[in-house]
Every structure is written in structure tokens, then in C-alpha cells.
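What follows is the residue order along each chain.
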Amino acid sequence: MLHREYQYVGPAEIHDIARTQPAGTSILCADDLCHWLTSTATEKTQEGSWIATFTIGVNETLRLATRRSEHIACAAGGPVLSAGEITIDQNHEIATISNQSTGFCPEPESWWVVESVLNRIGIKHPGRFTDVIVFRLCPNCNACNIVKDAWFYCQLCDAKLPERWNFPLIENKR
């Protein structure tokens, strides 16, 4: 299957700071998730669900870090197959999940690997990204844009954004 390895595309200063931060915790089984949830002080919703940063590394390992952690730190500095934010309910099931990572800007199509990893671990999930983020790089000013309501214009310079995803990547076959 063809997949994309997303390189870090965020600011260099964040990348440099992230080198001093711990990597996310590898979650290889449901017990790892349970342990992480009970031993990590991450934000919670009003309902008591945990909110975390996640990455899926090129080795197809889920890593979790506290909310607002940089994705590049969570990924231990390497490329990812997907990244975003995740909310885990009190039954240890995924309540919400997104591809929201301005450090990697993964495509919504990266869901397939997230689903595969969550299924392998045995974590129930909604079967899709519940919040889908569309990223585009402005060819005029090089700004990272989040496209809303199919408005493909740069938020900084108003240039037309490409319809197709256009960040640097590494094509790979597995």
C-alpha cells in the first residue's frame, strides 16, 4: 500500500525547542493506554475525557503526549504517517480525533493508518477523523493555511491555493 511520510513543516524554532522535550509515550496495547491515562496529567474535558496530542510514526506506533505538546516532540523528532489531537473517554474509547497538526499538516487520507493502528491495539474509535482539517501551503508567500468551507485562498496574501495537498513529503511503499 502506498502511504505518505509527513516531514515536519513547522517553524524551525519550535523544532529546535522540541529537541529538548520528551518524546510521546508509545502505546502498543490497551494496557499501555490505560497506564498512560492514569499516570499522565493531560487536559480533560468537562465530562472527564482526556485530550492528548498523538502521532503515528513510520513504524506504525501510536505515541501520546499531553495536549498542547508539539507534534514534532511527540514523534521523537522523526517523520509521521499521521498526527493530530485525540479525545479519549472514560471507557478508554476514542470520542473525537482530528488530523490537526500544523507541524506536519497531514492529509485527511492519513486516517487509514490511524484506523489500522487503533484496531491493532484494540481501541474503539469512530471510524474516521471526527474533525477533518484541510491544509495547504501558499505557493506565493509559503504560509501554512487551514482551508475552511472550501475557501482556497491564502489567509495572509490572498493568493489562490492549490486544490491538492502540496507540502513536502516522502512517498514510500509498505
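Above this text you will find the structure in question.
So, helix 2 (residues 30-39)
- Every buried residue belonging to helix 2 is among Leu33, Trp36 and Leu37, and all of these are buried. Buried residues of helix 2 fall within an arc of 95 degrees about the axis and therefore sit on the same side. Of the residues in helix 2, the exposed ones pointing more than 90 degrees away from the buried face are Asp31, His35 and Thr38.

Some points on the nonpolar core
- Ranked by size, the top nonpolar core spans 23 residues in total, and within it Phe54, Leu62, Leu64, Ile97 and Val114 carry the most contacts.
- Sorting the residues of this core by element identifies helix 2, strand 3 (50-57), strand 4 (62-66), strand 5 (80-88), strand 6 (94-97) and helix 4 (111-121) as the ones contributing at least two each.
- Sort the elements by how many residues they give to this core and helix 4 lands first, with six residues.
- Non-local contacts of Leu64, meaning those with residues more than four positions away in its chain, are made with Gly24, Thr25, Ile27, Leu33, Trp36, Ala52, Thr53, Phe54, Cys74, Ile86 and Ile88.
- Counting residues in each nonpolar core, the second largest holds 15 residues, with Tyr8, Ala73, Phe104 and Cys105 among its members.

Quick word on unusual backbone geometry
- At Asn142, a position not held by glycine, the phi torsion is positive, near 70 degrees.
- Mapped onto the elements of the fold, Asn142 is located in the loop between strand 7 (134-137) and strand 8 (144-147).
- With a phi close to 55 degrees, Asp149 is a non-glycine residue in the positive phi region.
- The residue Asp149 is located in the loop between strand 8 and strand 9 (169-173) in this model.

Topic: the environment of Asp149
- With relative accessibility at 80%, the residue Asp149 sits in the exposed group.
- Taking C-alpha positions, Asp149 is 34 Å from Ile27, a pair spaced 122 residues apart along the chain.

Points about the pairing of strand 7
- Relative to strand 8, strand 7 runs antiparallel, the two being bridged by four bridges. Paired with Arg136 across the strands is Asn145, a residue of strand 8.
- Hairpin connection from strand 7 to strand 8: six residues lie between these consecutive antiparallel strands, with Asn142 at a positive phi of about 70 degrees.

Looking at the pattern of salt bridges
- On inspection of all chains with the given rule, the structure shows five salt bridges.
- Arg68 is the salt-bridge partner of Glu43, the closest N and O atoms lying 2.7 Å from each other. Of this pair, Glu43 sits in the loop between helix 2 and strand 3 while Arg68 sits in the loop between strand 4 and helix 3 (71-74), placing them 25 residues apart in sequence.
- The partly exposed category is assigned to Glu43, whose relative accessible area is 30%.
- The residue Glu85 makes a salt bridge to Arg67 at a minimum N-O spacing of 3.3 Å. With Glu85 in strand 5 and Arg67 in the loop between strand 4 and helix 3, this residue pair connects regions lying 18 residues apart in the sequence.
- Overall, the relative accessible area of 23% leaves Glu85 in the partly exposed class.
- Arg67 sits in the partly exposed class, given a relative accessible area of 22%.
- What emerges from the salt-bridge pattern is a single network uniting Glu43, Arg67, Arg68 and Glu85.

What counts as what
Residues numbered from 1 in each chain as written. Predicted model: local features only at pLDDT ≥ 70, side-chain atom pairs only at ≥ 80, totals over all residues. Heavy atoms only, no water. Buried < 20%, exposed > 50% of the residue type's maximum accessible area, 1.4 Å probe, protein only. Helix = DSSP H or I, 4+ residues; strand = E, 2+ residues; numbered from the N terminus. Arc of directions from axis to C-beta. Core = buried A, V, L, I, M, F, W, Y, C linked by side-chain atoms within 4.5 Å. Contact = heavy atoms within 4.5 Å. Pairing = 2+ DSSP bridges. Salt bridge = Lys/Arg side-chain N within 4 Å of Asp/Glu carboxyl O.

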